[in-house]
Amino acid sequence: MKSATTASRTAVLVCQGRAVADMWDDVGPFSDPTAARLLLDDERVAVDLASDDAPPPGWGLRMEWEMLRATAEVIVPRTVAIDDAVRERVSDQVVILGAGLDGRAWRMTELAGSDVFEVDHPASQQAKRSRAEGMTPAARDVRFVPVDFGRDRLDEALVAQGHRTDGPTTWVWEGVVPYLDRTDVEATMRVIDDLSAPGSRLIVNYQAPSTSAALGRLVMGAMTTLSRRPNPLAGEPTRSTWTAEAMRELLETHGFTVARDDDLLALAVESGRPVRQRRSLANGRVVVADLS
Ligand SMILES: C[S@@+](CC[C@H](N)C(=O)[O-])C[C@H]1O[C@@H](n2cnc3c(N)ncnc32)[C@H](O)[C@@H]1O
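In this text the structure is predicted, and so the values were computed from the model without any measurement.

Caption draft 1: Examining the pairing of strand β5 (residues 201-207) more closely. Of all seven residues in β5, six are buried, a share of seventy percent or more. Pairing geometry for strand β4 (residues 169-173) and β5, over four bridges, is parallel. Looking at the pairing, Thr170 lines up with Arg201 of β5. Where β5 and strand β7 (residues 284-290) come together, seven bridges link them in antiparallel fashion. Considered in β7, the bridge of Gln207 is made with Gly284.

What follows is the structure, encoded as structure tokens:
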């Protein structure tokens, strides 16, 4: 259970992954200098360890080193694909659903003319706000919209913060769909549909069904218990996976046309970087869909 101001554990993990990747020099166009700034001191210590190619001594530290490096490898193509899709169609309004410790509003200069609406679980968002204090946004404005997708009215919350339907919106939904059940994904999709003017773009990162991923989570749970380290996935179980066909059907039902839908493994291979996490990469997908 989250306290009133505790960041989501998975949000911290992916932010640490971005901070590790930001220290690597073979990551092509990937860059996220905001990631390290959004972390707390103890979270940054683990990043420093993981940025070293030599594994640390001891099972517990070694496990964390492996986990952060694996996360970093998956995060690179995912971030680059989403950044490219945002840049390709910059709107006045960018809504980041389940923003976690996303740094786009602070690092993407292309958003200088955009209002960024950061939607997240109220507890995670509170933590993000205090972590981002003193950072200067690159976006025209950052508006915080506290919403629990399973409980609150996303449409009312966005409108209350000044979201408009008289112009297009770019929606970013990264790393969140797996933590929502199908009903909540469909309900959120209905709101996206209602609030999207022609010209809007929706970018969704989701997980394809995979037995090996489910097994990997079980192994991670067992290993973290044995090494007496916290399991970042413990409080946020996977609730939905989608085949590319099911995701396409969902988006098309709401009037969006899929421009592309790539698996992260294909994107990583295409980039020419060394690929180690083939299975994790293969299960992650980024779909880009537009409303004409
Ligand atoms: C893995 S993190 C991803 C964060 C960010 N999008 C990124 O990629 O760095 C998952 C995010 O989804 C949010 N989330 C999960 N379930 C949620 C819910 N029911 N309502 C609102 N946010 C939720 C968490 O608070 C967290 O910030």
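The rest of the description comes next.
Caption draft 2: Fine view of the sheet that holds strand β3 (residues 141-146). Overall, mixed pairing links the seven strands, which are arranged β3-β2-β1-β4-β5-β7-β6 in an open sheet. Each edge of the open sheet is held by one strand with a lone partner, namely β3 and β6 (257-263). For this sheet, the mean angle separating the axes of adjacent strands, direction not counted, is 15°. Both β6 and β7 contribute to a ladder of six bridges, which runs antiparallel. Residue pairing across strands places Asp261 opposite Val287, the latter belonging to β7.

Caption draft 3: Focus on the environment of Val176. You can see Val176 is positioned in the loop between β4 and α8 (182-195). Here the alpha-carbon distance between Val176 and Leu291, two residues 115 residues apart in the chain, equals 21 Å. If we skip the residues at most four places from it in the chain, Val176 touches Leu97, Gly98 and Phe149.

Caption draft 4: Inspection of the site of the ligand at higher detail. By nearness alone, 20 residues border the ligand, and Arg18, Gly98, Asp120, Phe149 and Glu174 come closest of all. Protein contact buries 95% of the 590 Å² of open area that the ligand shows by itself. Grouping the constituent residues of the shell around the ligand by class yields eight nonpolar, seven polar and five charged.

Caption draft 5: Quick look at the pattern of salt bridges. This structure, assessed with the given rule, holds 27 salt bridges. For Arg107, the salt bridge is made with Asp32, and the minimal N-O distance between the two is 3.5 Å. Pair noted here: Arg107 is in helix α5 (residues 104-107) and Asp32 is in the loop between α1 (9-23) and α2 (34-37), with a separation of 75 residues, a long-range link. Arg107 gets classed as buried once you look at its relative accessible area, which sits at 17%. Look at Asp32 and you get buried, because its relative accessible area is 1%. In this structure, the salt-bridge partner of Asp83 is Arg107, at a minimum N-O distance of 2.9 Å. Within this pair, whereas Asp83 is found in helix α4 (residues 59-88), its partner Arg107 is found in helix α5, the two being separated by 24 residues in sequence.

Caption draft 6: Focus on the side chain of Arg285. Within the secondary structure layout, Arg285 lies in strand β7. Here Asp261 takes part through its side chain, which lies 3.0 Å from a polar atom of the side chain of Arg285. Those residues within four positions of Arg285 in sequence are excluded, and the remaining contacts are Val204, Asn205, Tyr206, Ala208, Ala244, Asp261, Asp262, Asp263 and Leu264.

Caption draft 7: Spatial organisation of the packing of aromatic side chains. According to the stated counting rule, one finds zero aromatic pairs in the structure shown. The lysine or arginine in question, Arg182, covers the ring of Trp242, its NZ or CZ lying 3.8 Å from the ring centre.

Caption draft 8: A look at helix α3 (residues 41-51). Burial in α3 covers these residues: Glu43, Ala46, Val47 and Ala50. End-on, the buried residues of α3 take up no more than an arc of 105°, which puts them together on one face. The exposed set on the far side of α3, more than 90 degrees from its buried face, consists of Asp41, Asp42 and Val45. Looking at the packing, one finds that the buried side of α3 touches α1, α4 and α6 (122-132).

Reading the values: the criteria
Residues numbered from 1 in each chain as written. Predicted model: local features only at pLDDT ≥ 70, side-chain atom pairs only at ≥ 80, totals over all residues. Heavy atoms only, no water. Buried < 20%, exposed > 50% of the residue type's maximum accessible area, 1.4 Å probe, protein only. Helix = DSSP H or I, 4+ residues; strand = E, 2+ residues; numbered from the N terminus. Pairing = 2+ DSSP bridges. Axes fitted to C-alpha atoms, helices over the stretch in contact; angles between N-to-C directions. Contact = heavy atoms within 4.5 Å. Near = heavy atom within 4 Å. Areas by Shrake-Rupley, 256 points an atom, 1.4 Å probe, with all protein chains shown as cover. Nonpolar A, V, L, I, M, F, W, Y, C, P; charged D, E, K, R; others polar. Salt bridge = Lys/Arg side-chain N within 4 Å of Asp/Glu carboxyl O. Polar contact = N/O pair within 3.5 Å; in protein donor to acceptor, adjacent residues only side chain to side chain. Phe/Tyr/Trp six-rings, centres within 6.5 Å; stacked < 30°, edge-to-face > 60°. Lys NZ or Arg CZ within 6 Å of the ring centre and 35° of its normal. Arc of directions from axis to C-beta.

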